[in-house]
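One-letter residues, chain by chain:
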Amino acid sequence: MFQSMVSLMTVVALTLTSGTAACSQVLEGAYASVEKQQPSISVTPARTNPGDVIFVRSKQPQTVTLFSRSYRLQPSSNEYARFIPIPFDVKPGDYNVQSADKKLTATLTVQPKQFAVDKLTVSKQMNAMRQDTARINADQKKINAARASSQATPYFSEPFTMPAKGTLTTPFGYQRVVNGVPANRHAAIDIANKTGTPIWASNHGKVVLADSLYLTGNTIIIDHGMNVFSIYAHLSKLAVATGQEVKQGQVIGLMGTTGFSTGPHLHYGMLIGNTYVNPQPFFDASPFLWK
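Re the overall build of the protein
Tallying secondary structure elements over the protein gives five helices and 23 strands in all. Relative to its full complement of 291 residues, the protein shows a buried share of 43%. When the accessible surface of the protein is totalled, it reaches about 15100 Å², and 53% of it is carbon and sulfur.

Focus: the pairing of strand β8 (residues 93-99)
Relative to β8, strand β4 (residues 63-66) runs antiparallel, the two sharing two bridges. Pairing of Thr65 across the sheet is with Gln98, part of β8. Inspection of the sheet shows β8 paired to strand β9 (residues 105-110) by six bridges, in the antiparallel sense. Within the sheet, the bridge partner assigned to Gly93 lies in β9 and is Val110.

Brief notes about the sheet that holds strand β19 (residues 237-238)
Within the open sheet, the three strands sit side by side as β15-β21-β19. Their pairing is antiparallel. Across the chains shown, the open sheet's two edge strands, defined by having one partner strand only, are β15 (198-200) and β19. Two elements, β19 and strand β21 (residues 251-254), share two bridges in a ladder whose sense is antiparallel. Directly across from Lys237, in β21, lies its bridge partner Leu254.

Considering the confidence of the model for the protein
Note that predicted coordinates carrying low pLDDT should not be read in detail. Of the residues in the protein, 87% have a pLDDT of 70 or more, and the chain-wide mean is 87. Across residues 1-18, where pLDDT falls below 50, the model places 11 contacts with residues more than four positions away in sequence or in other chains. Note that residues 26-37 has pLDDT below 50 and, in this model, eight contacts with residues that lie over four places away or in other chains.

Section: the environment of Arg82
Note on placement: Arg82 falls in strand β7 (residues 79-85). Put simply, Arg82 and Met226 are 144 residues apart on the chain and 7.0 Å apart in space, counted from C-alpha to C-alpha. Leave out the neighbours within four places in its chain, and Arg82 touches Ile54, Phe55, Val56, Tyr71, Arg72, Leu73 and Gln74. A polar atom in the side chain of Arg82 sits 2.9 Å from the backbone oxygen of Arg72.

Let's talk about the layout of surface pockets
Estimates place the volume of the largest pocket at around 1100 Å³. Surrounding the largest pocket, 40 residues form its lining, Asn184, Leu215, Thr216, Phe260 and His267 being those nearest its centre. Looking at the lining of the largest pocket, the elements with two or more residues in it are β10 (117-120), α4 (133-146), β11 (167-170), β12 (174-178), β13 (181-186), β14 (189-192), β18 (228-235) and β22 (265-272). It is α4 that contributes the most residues to the lining of the largest pocket, six residues altogether. Of the residues assigned to the lining of the largest pocket, the class counts are 16 nonpolar, 15 polar and nine charged.

Here's the deal with unusual backbone geometry
In this chain, Thr44 is followed by Pro45 through a cis amide linkage whose omega measures -10°. Its place among the elements puts Pro45 in the loop between β1 (41-44) and β2 (47-48). For Ser68, which is not a glycine, the phi torsion comes out positive at approximately 65°. In this structure, Ser68 sits in the loop between β4 and β5 (69-72). Relative accessible area serves as the criterion here: at 81%, Ser68 is assigned to the exposed category. At Asn179, a position not held by glycine, the phi torsion is positive, near 50°. Mapped onto the fold, Asn179 is located in the loop between β12 and β13. Judged by relative accessible area, Asn179 falls into the partly exposed class, the value being 32%.

Thoughts on the side chain of Ser99
Here Ser99 is to be found in strand β8. Of the residues examined, Ser99 reaches a relative accessible area of 1% and is grouped as buried. Here Lys103 takes part through its backbone nitrogen, which lies 3.3 Å from a polar atom of the side chain of Ser99. When neighbours within four sequence positions are excluded, Ser99 is seen to be in contact with Ile41, Gln62, Thr63, Val64 and Leu104.

Some details on the pairing of strand β16 (residues 205-213)
When a strand is regular, its side chains alternate between the sheet's two faces. With two bridges connecting them, β16 and strand β20 (residues 245-246) associate as antiparallel partners. Bridge pairing in β20 links Gly205 to Val246. Where β16 and strand β17 (residues 217-225) come together, seven bridges link them in antiparallel fashion. Within β17, the position partnered with Ser212 by the bridge is Asn218. In textbook terms, the turn of a hairpin is the stretch between consecutive antiparallel strands, and for β16 and β17 this stretch comprises three residues.

The rules behind these values
Residues numbered from 1 in each chain as written. Predicted model: local features only at pLDDT ≥ 70, side-chain atom pairs only at ≥ 80, totals over all residues. Heavy atoms only, no water. Helix = DSSP H or I, 4+ residues; strand = E, 2+ residues; numbered from the N terminus. Buried < 20%, exposed > 50% of the residue type's maximum accessible area, 1.4 Å probe, protein only. Areas by Shrake-Rupley, 256 points an atom, 1.4 Å probe, with all protein chains shown as cover. Pairing = 2+ DSSP bridges. pLDDT = per-residue confidence, 0-100. Contact = heavy atoms within 4.5 Å. Polar contact = N/O pair within 3.5 Å; in protein donor to acceptor, adjacent residues only side chain to side chain. 1 Å grid on protein atoms, 1.4 Å probe; cavity = no way out; pocket = protein on both sides within 12 Å on 5 of 7 lines; lining within 4 Å. Points joined across faces, edges and corners; volume = space filled by probe spheres on them. Nonpolar A, V, L, I, M, F, W, Y, C, P; charged D, E, K, R; others polar.

The structure is reproduced here in structure tokens:
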């Protein structure tokens, strides 16, 4: 407000002494200065897909709403920011990312996307593993605890990298059908190769879980900061421990077929909190440079 008053006083003074031409130049500068001071929110990318993720940023603290949910932007690197996952079941169309006071709005377009069906046949014994809810729930508590908190500032600045060499056998988002019965959506990617293939950390971070779990076998979860996590499952060997900081490209384990698995492969996922999201945008570019 004070700067705006000073600019206005300067305009008046120049009008009296230098005429309208000088006044016009100063007025344009004053308006530009005021615009820079105005709070705003940005959303990248502005066009997205179900299962993907957006990055919301503001220079001032904000709570924003999207899909009837509220998200508090968190302090991070001289701004306030947050990754927000896009639900699989959201309908295509335009949506408003809006500040809680409804004074600030950014438009988000969700594009239509079709996901293929992945049919999987397993033995009765393996299929029975999915019914042992006691062991599954016990492991889920460990996983939830590991992802309960995240470093406020990011460990990373560069794009994420593929965590292993091999063949992409199951892309992100496929609808799983196990022995003819619809199962959970496969909200991760599967990379197949031989047992013992090195598994690399896809970006800098801190290991928040390195343990043998029932369905996912030898499993690693890395916190990358800002509520971004990556998970590596079915490993034959763990090469890191909980609490250890890792660098992008560091070998953290070896590919295997432990847990609910039909052959050697890496189940790799990225999450915002406890919600799986498509890792491809993180591979394509640093999220700080998304457009």
